[in-house]
Amino acid sequence: QLSMKIRVGIVGLPNIGKSTLFNALAQKSLAQAENFPFCTIEPNVAPICLPDPHLEPLGTLAHSDTVTPARLEFIDVAGLVKGASRGEGLGNKFLGTIRECDAICHVVRGFEDERVVHVDGRVAPVEDAEVVNLELLLADLAHVERRLERMTGDDVRQQAERVC
């Protein structure tokens, strides 16, 4: 069966509103949204069908038995911290979940509220975004290095020739 499902991982530091955004997108309270880091440990998943006014007429025109709309599957991922690419916090779990996603929705905290704890004790959106981006890049680099270690010299040359 053809699947029209796109998995979107919602990522960011702990306590920035990922679960709140996830619940808003799901239009129900599926994820626990609390004021402490790593409130989300297991990823929460919400499948959302995308409305398409052209789908039914196309299905009728094609004499389809069933018409299946495209779906987005939002995944509320545990908060990422500095050092996640080395296994800090829930890093390995976080990065494993992200690898299974087709797209990333990066949430950055831009609000001040002394009642909501920030993992670093201050709100700095640009630096927070850089932490997440760097950890994702370092995880990708480590993945490429592991793949290169498994390849023979001939395999590496063939891969390099394909790229060039």
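These figures come from a predicted structure and were not determined experimentally.

Student: Pulling in residues and values, what's your account of the environment of Ser29?
Tutor: Looking at the element boundaries, Ser29 is found in the loop between helix 1 (18-26) and strand 2 (44-49). On a C-alpha basis, the gap between Ser29 and Ser19 in space is 9.1 Å, while along the polypeptide they are ten residues apart.

Student: How would you summarise the packing of aromatic side chains if you had to cite specific residues and measurements?
Tutor: Taken as a whole, this structure holds zero aromatic pairs when the rule is applied. Cation over ring: Arg109 sits above Phe111, and NZ or CZ is 4.4 Å from the ring centre.

Student: Which residues make up helix 1, and what values go with them?
Tutor: Note that an α-helix has 3.6 residues per turn; residues three or four places apart therefore point the same way. Lys18, Ser19, Phe22, Asn23 and Ala26 are the residues of helix 1 that are buried. Across the axial projection of helix 1, the buried residues extend over an arc of 135 degrees, all falling on one side. As for helix 1, its buried residues are in contact with strand 1 (5-11), strand 2 and strand 3 (71-76). The positive-phi residue at the C-terminal boundary of helix 1 is Gln27, with phi of around 60 degrees.

Definitions and limits used
Residues numbered from 1 in each chain as written. Predicted model: local features only at pLDDT ≥ 70, side-chain atom pairs only at ≥ 80, totals over all residues. Heavy atoms only, no water. Helix = DSSP H or I, 4+ residues; strand = E, 2+ residues; numbered from the N terminus. Phe/Tyr/Trp six-rings, centres within 6.5 Å; stacked < 30°, edge-to-face > 60°. Lys NZ or Arg CZ within 6 Å of the ring centre and 35° of its normal. Buried < 20%, exposed > 50% of the residue type's maximum accessible area, 1.4 Å probe, protein only. Arc of directions from axis to C-beta. Contact = heavy atoms within 4.5 Å.

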